[in-house]
Amino acid sequence: MKKENDHLTKLSIMFVTMIILTLIAFYLVSSDWISTNVLPYVLLFFAVIQVVIQLVLFMDIKEKEGRYRITSVVGGGFIALLTIFFLALLKM
Amino acid sequence: MDSILQYFRTLPSDIILADISLVIITIASTFLLTKYKKWNWLWSWITSTDHKKIGIMYLFVSFLFFLRAGLEALLIRMQLAFPENEFWVFQGERFNQLTSTHGTVMIFLVATPLLIGLMNVIVPLQIGARDVAFPFMNSLSLWLFISGGILINVSFIAGGSPNAGWTTYAPLSLKEFTPGPSNTYYPIGLQVAGLGTIMGAINFIVTIIKMRAPGMKFMRMPLSTWSMLITSVLIVYAFSALAVALLLLTFERLFGTVILSSSAGNPLIWQHLFWIFGHPEVYIIALPAFGIFSDVISTFSKKKLFGYTSMVFAIILIGFLGFMVWVHHMFTVGLNANINVFFALTTMLIAIPTGIKIFNWLFTMRGGSIRFDTPMLYALGFIVTFVMGGVTGVMLGSVPADYQYHDSYFVVAHLHYVIIGATIFGVLSGVYYWWPKMFGKMLNEKLGKWNFWTFVIGFHFTFFPMHIMGLMGMPRRVFTYPEGEGLGWLNFVSTCGAFLMGIGVFIFMLNIYITTRYGKSVQLNDPWMKRGRTLEWTIPSPPPPYNFARTPIVTSGEPLWNAYENRKENIEFEGEYEDIHMPSSSSLPFFMGMAFLIASFGFVFQIWWLATLGMLGVFMTMAIRSFQNKNGYSIPKKNVIYHDKGVGY
Amino acid sequence: MQAPAEEKLFSDKQAQMNILAFWFLIGAEVVVFGCLFGIYVSVQELTANGPGPKELFNLSEIIISTIVLLSSSFTCALGVYTLKLGKKRMTFIWFLLTISLGIGFVFLEVIEFVAYVGEGATISTSAFLGAFYMLLGTHGAHVIFGVVWISMLLIQLVLFGITKDTAPKLFIASLYWHFIDVIWVFIFTVVYLLGKV
Ligand code: HEM
Ligand SMILES: [Cu+2]
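Quick caveat: nothing in here was measured; it's all calculated off a predicted structure.

A.B. asks: Is there a simple way to think about the confidence of the model for chain A in this case?
C.D. replies: If pLDDT is low for a region, its predicted coordinates should not be looked at in detail. When the pLDDT values of chain A are averaged, the result is 87; 95% of them are 70 or greater. Confidence scores differ between elements of chain A, with helix 1 (residues 2-30) of chain A showing the lowest mean pLDDT of 86 and helix 3 (residues 66-89) of chain A the highest of 94.

Written as structure tokens, this is what we have:
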């Protein structure tokens, strides 16, 4: 039972972390605490942290056959980034 | 009554002819099915979840589409046979419809599903599995493909075919320039078919990862299986990009977004998305063919494949690089020069793994005792043709040169050398090779050779002159060209070649008819003169519904060949005989496909109640499936033993 | 009654294959949303005469829907947790909470869209708005689909209990739900927050 309770605590902590991250991100945008040049990267960094939490903790990406699961998501992410990058270049 | 007659009078003659032939075909097939009491038989195929039957249906349906698109190719060539020619109705608008549907059907409804069909039959046999991982989903893929295919094909007689080329570039494809249902068929039809393709790919991936016989490590898999694994990964990603492109076009045409418009948005978005899909698609239809040739060349040379490991890595590398070259289709749209240089480099890079493969095939043949049966002939024809197509590909990959070649007949020549050279030759090779496995009869060798030589000679006569036409400046997608520019005789030769190819296809059909009607059953597991090397040749031809009565023991990459070397008749199987559990057949995939078809018509013609009805049907069938208990049926042990030991044959 | 152990519930080969297949579907969906984001980013500045992100969005409303969806992801994780322990009632409650929050999210989104359209920001006003509605619409459609799907599974849960058949299905649905949430995190960041920067 101990192990299971641990898991429960972990879930809750991570959930609270995600909410806090969201609020901080929200706060950063409404104030001008960080210069607008760096802000986008900070916000994206926060998003990535949240996503990693979801994938690892909530979705068990590293469990059985994690190899294939990670390959699938990382591959898709790679192609998504490639697409976004070259589509974004169209702006210029 | 009068108004209906009036309506028919307004129709052009080709559509009337198409209507009439459709009616005749429907009546004739209904009549024949009733006369020979084959409706139940037909239904048992439609609802089947057996991967072999599904594969065969894939092959059959895409072959029908091949005939249709091939007919269009002949019409194109007839219109272009002479300068300033006016053949039947195929000028201007109608000509655009011909080329657009020819390209669309050939790529999406012929090349891709032909390979998927063949691999559907072969991959589970090659890895020693009893079926694919998801037999139900397999059938669903088939029916989504058929629904999408019907939609694209029916457009010709119902409202007009897509007419903006197989690439359907915006802004021409937008409502503004091509109103009416024509170009709406394209995104809707392909969306449905594409959905099926993605599901099929996931099915292959999981099957290959999880259902291999014990001992069949990844590096022991035959190359057909390997190539299908990588192809499936490409499909999962590339067809998702296509799905978004099609969704975007649907939004533009039906819901009034202005993302692709040249004034308010940016038409290049379509080109990017389309080619992010489009170039990997080229490898999706080439890699499985490479796999087939690897197996065929090794079998008919009676030698182990040279450089197996490098072959595998070449496939993976090609798959990876395939995603990084798409801008070579867009060199001339005015992106910045650095982007062009980057993509020119990646394009050239991809020639390296491809070259490795070519050399490996040549080294496999070197010193082998080669038999020149039809599958092998096609493999040899492939090597020659594909190298030529590859050379023109590298030429096109050089940016300044592409400014000359772009949108000329040079490109048409290049793409046919690559696609027919790899995919169509590959499928024909594979079909001749595995026909006895699928149907238990060898295709006639003599007709096979006739088929090969007419098709290949016809091919080079059709497409070689197109290089020269292109260099002389003839643009693609034009319905005529002026006299006195020296293009006339080249085009005429090309048209003659096209008819020779047509004869080749006819001989192929004749071969199938004669073989089915008069051919003898082979009764052997390995009908290719004991040259078989892989697991599919260790089981009866055609295999029983469960493929393998017991689990094959795999200790090497070429289990059957090693058994032969040890003077054994067949490989060893392990375990006791037991009752075999089979998935039950299901009519749901068929109905879901039909629901999609209904919904699609609703979308194309913007009849919203019909679309809603169709989508409701889709969700209903999904819900039913979710609640179904998925118990299959069991084949009793004694039947399995009976068949496996050959008692009673 | 002994709670069925996690291993037993998911040990079925078919269940494992289903889960693996679903991960590849997620890979496909990553590309789908990647392309939608790509479209959005490339036309972000083409606002024609319509409003741009700065004028249009009201962050304090978005923060509510974000918290709603994040919470649904958490309840969904709790649902899976109790599912693995074999507690039927709790599983039911957590998943029910999940879809209720999902419905709440959709509701908020509809209100938001209706307000935008009222301000004259329709799907054909500008390329930016077209891409915005396409991206958000696709995501919203996923949420609705998830709600319907999980409701079906909950009926099955009530009818058949936690079995080797229903447990993997619920687990897969939970993956789907978390994935929707992942996409929302990016939408929140890229569309709403960065739109304001
Ligand atoms: C059977 C013999 C075939 C002949 C005689 C033939 C002929 C042609 C011709 C003349 C064109 C150029 C139309 C134009 O640009 O005006 C064309 C285009 C094309 N063909 Fe074929 N073709 C054949 C088979 C195939 C096959 C097997 C495939 C692929 C599997 C294929 C794929 C295409 C594609 C993608 C285009 C481009 C269509 C477009 O520009 O939108 N063709 N074909
Ligand atoms: Cu390309």
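A.B. asks: How should empty space enclosed by the protein be read in this particular structure?
C.D. replies: Considering all chains together, one arrives at four cavities of 30 Å³ or more under this definition. In this model, the largest cavity occupies a volume close to 100 Å³. Lining the largest cavity we find 14 residues, and of these Phe108, Phe145, Ala193, Gly194 and Thr197 of chain B sit closest to its centre. When residues in the lining of the largest cavity are grouped by element, the largest group, five residues, is from helix 7 (residues 182-210) of chain B. Within the residue set of the lining of the second largest cavity, elements represented by two or more residues are helix 1 and helix 2 (39-58) of chain A together with helix 7 (166-196) of chain C. Across the lining of the second largest cavity, the residue classes tally to eight nonpolar, three polar and no charged.

A.B. asks: Would you take a moment to explain the packing of helix 4 (residues 51-79) of chain B against helix 6 (residues 135-154) of chain B for this structure?
C.D. replies: Two numbers describe a pair of packed helices, the interaxial angle and the distance between the axes. Residues and elements named next belong to chain B. At their nearest, the axes of helix 4 and helix 6 sit 10 Å apart, and the two run at 10° to each other. Relative to helix 6, helix 4 is oriented roughly parallel. Across from His51, Ile54, Met57, Tyr58, Val61, Ser62, Phe65 and Arg68 in helix 4, the residues of helix 6 making contact are Pro135, Asn138, Ser139, Ser141, Leu142, Phe145, Ile146, Gly149, Ile150 and Asn153. Here the contact of helix 4 with helix 6 is built from residues that sort into 10 nonpolar, seven polar and one charged.

A.B. asks: Even after reading the chapter, I still don't get the site of ligand 1, so can you show me in this structure?
C.D. replies: All names here are of chain B. Taken together, 27 residues surround ligand 1, and among them His102, Trp166, His416, Arg476 and Arg477 come closest. Measuring from a nitrogen atom of ligand 1, one finds a side-chain N or O atom of His102 at 2.8 Å. Separating an oxygen atom of ligand 1 from a side-chain N or O atom of Arg477 is a distance of 2.7 Å. Mapped by element, the contributors of at least two residues to the shell around ligand 1 are helix 4, helix 5 (92-126), helix 15 (409-439), helix 16 (445-471) and helix 17 (488-518). Across the shell around ligand 1, the residue classes tally to 18 nonpolar, six polar and three charged.

A.B. asks: I'm lost on the coordination of the copper ion (ligand 2) in this one. Help?
C.D. replies: Four donors placed tetrahedrally about a metal ideally form angles of 109.5 degrees, and six donors placed octahedrally ideally form angles of 90 or 180 degrees. Residues and elements named next belong to chain B. Protein-derived ligands of the copper ion (ligand 2) are His279 (ND1), His328 (NE2) and His329 (NE2), with the metal-ligand distances lying across 1.7 to 2.0 Å. On the primary sequence, the residues serving as donors to the copper ion (ligand 2) are separated as H-x48-H-H. Here His279 is found in helix 9 (residues 268-301), whereas its partner His328 is found in the loop between helix 10 (308-321) and helix 11 (337-349), with 49 residues between them in sequence. Taking the relative accessible area as the measure of exposure, His279 reaches 7% and is therefore buried.

A.B. asks: I tried to follow the interface of chain A and chain B on my own but got confused; where do I start?
C.D. replies: Many descriptions give the size of an interface as the accessible area lost when the pieces come together. Facing the 14 residues of chain A at the interface are 17 residues of chain B. Interface area for chain A against chain B, summed over the two sides, is near 1,300 Å², with a carbon-plus-sulfur share of 81%. Looking at the side of chain A facing chain B, the largest losses of area belong to Ile79, Phe86 and Leu90 of chain A, adding up to 41% of the total buried there. Between chain A and chain B we count zero salt bridges in total. Linking chain A with chain B are two residue pairs in polar contact (both at pLDDT 80 or more), by the criterion used here. Of the residues in the side of chain A that touches chain B, the class split is eight nonpolar, five polar and one charged.

A.B. asks: Looking at this structure, I do not really get the interface of chain A and chain C. What am I missing?
C.D. replies: Facing 43 residues of chain A, the contacting portion of chain C comprises 47 residues. Buried area between chain A and chain C, summed over both chains or domains, comes out near 4,000 Å², and the portion from carbon and sulfur atoms is 80%. Looking only at chain A, the three residues that lose the most surface to chain C are Phe26, Met59 and Lys91 of chain A, adding up to 16% of its buried area. Connecting chain A to chain C are one salt bridge. Where Lys91 of chain A meets Glu45 of chain C, a salt bridge forms, and the shortest distance between an N and an O atom there is 3.6 Å. At the boundary of chain A with chain C, the tally comes to four residue pairs in polar contact (both at pLDDT 80 or more). Looking at the side of chain A that touches chain C, the elements that each hand over two or more residues are helix 1, helix 2 and helix 3 of chain A. Among the elements that make up the side of chain A that touches chain C, the one with the highest residue count is helix 1 of chain A (14 residues). Taken together, the residues that form the side of chain A that touches chain C break down as 26 nonpolar, 11 polar and six charged.

A.B. asks: Explain the environment of Phe171 of chain C here, please?
C.D. replies: Tracing the backbone shows Phe171 of chain C in helix 7. Remark: the alpha-carbon pair of Phe171 of chain C and Ala15 of chain C, spanning 156 residues in sequence, is separated by 10.0 Å. Residues contacting Phe171 of chain C, with those up to four places away along its chain left out, are Asp60 of chain A together with Phe10, Ile19, Val80, Leu83 and Lys84 of chain C.

A.B. asks: When you look at the side chain of Gln79 of chain B in this model, what are you seeing that I'm missing?
C.D. replies: All names here are of chain B. Summarising the element assignment, Gln79 is placed in helix 4. Residue class for Gln79 comes out buried when judged on its relative accessible area of 0%. For Gln79, the side chain forms a polar contact with the main-chain oxygen of Asn85, separated by 3.1 Å. One polar contact links the side chain of Gln79 to the main-chain carbonyl oxygen of Phe479, over a distance of 2.8 Å. When near neighbours in sequence (up to four residues on either side) are disregarded, Gln79 contacts Asn85, Glu86, Phe87, Phe90, Gln91, Phe95, Phe479 and Thr480.

A.B. asks: Teacher, can you tell me more about the nonpolar core here?
C.D. replies: For soluble globular proteins, the rule of thumb is that nonpolar side chains tend to be buried together. Ile269 and Trp361 of chain B together with Phe132 and Tyr192 of chain C are the most contacted members of the largest nonpolar core, which has 294 residues in total. Counting seven residues, the second largest nonpolar core, distinct from the first, contains Tyr546, Tyr577, Ile580 and Val640 of chain B.

A.B. asks: Hey, could you run me through the pattern of salt bridges in this one?
C.D. replies: All names here are of chain B. For the structure shown, the criterion picks out nine salt bridges over all chains. A salt bridge links Arg68 to Glu72, with the nearest nitrogen and oxygen atoms 2.7 Å apart. You can see Arg68 and its partner Glu72 sitting in helix 4, four residues apart, about one turn around the helix. With a relative accessible area of 18%, Arg68 lands in the buried category. Where Glu445 meets Lys449, a salt bridge forms, and the shortest distance between an N and an O atom there is 3.3 Å. Of this pair, Glu445 and Lys449 both sit in helix 16, four residues apart, which is roughly one turn of the helix.

A.B. asks: How should I be thinking about helix 6 (residues 127-160) of chain C in this particular structure?
C.D. replies: For an α-helix the count is 3.6 residues per turn, leaving residues at separations of three or four pointing the same way. Over its 34 residues, helix 6 of chain C extends 49 Å from the first C-alpha to the last, a length consistent with the 50 Å expected when each residue adds 1.5 Å. Note on helix 6 of chain C: the residue one or two positions beyond its end, Gly161 of chain C, has a positive phi of about 80°.

A.B. asks: I'm lost on the environment of Lys175 of chain B in this one. Help?
C.D. replies: All names here are of chain B. Here Lys175 is to be found in the loop between helix 6 and helix 7. Exposure remark for Lys175: the relative accessible area of 41% places this residue in the partly exposed category. For the pair Lys175 and Ile202, spaced 27 residues apart in sequence, the C-alpha to C-alpha distance is 35 Å. In this structure Lys175 touches Glu252 and Arg253, once residues within four positions along its chain are discounted.

Conventions and cut-offs
Residues numbered from 1 in each chain as written. Chains lettered and ligands numbered in written order. Predicted model: local features only at pLDDT ≥ 70, side-chain atom pairs only at ≥ 80, totals over all residues. Heavy atoms only, no water. pLDDT = per-residue confidence, 0-100. Helix = DSSP H or I, 4+ residues; strand = E, 2+ residues; numbered from the N terminus. 1 Å grid on protein atoms, 1.4 Å probe; cavity = no way out; pocket = protein on both sides within 12 Å on 5 of 7 lines; lining within 4 Å. Points joined across faces, edges and corners; volume = space filled by probe spheres on them. Nonpolar A, V, L, I, M, F, W, Y, C, P; charged D, E, K, R; others polar. Axes fitted to C-alpha atoms, helices over the stretch in contact; angles between N-to-C directions. Parallel < 35°, antiparallel > 145°, perpendicular 65-115°, else oblique. Contact = heavy atoms within 4.5 Å. Near = heavy atom within 4 Å. Polar contact = N/O pair within 3.5 Å; in protein donor to acceptor, adjacent residues only side chain to side chain. Donors = N, O, S within 2.8 Å, 3.2 Å for Na, K, Ca; no water. Buried < 20%, exposed > 50% of the residue type's maximum accessible area, 1.4 Å probe, protein only. Buried area = accessible area lost by both parts, 1.4 Å probe. Salt bridge = Lys/Arg side-chain N within 4 Å of Asp/Glu carboxyl O. Core = buried A, V, L, I, M, F, W, Y, C linked by side-chain atoms within 4.5 Å. Expected span 1.5 Å × (residues − 1).

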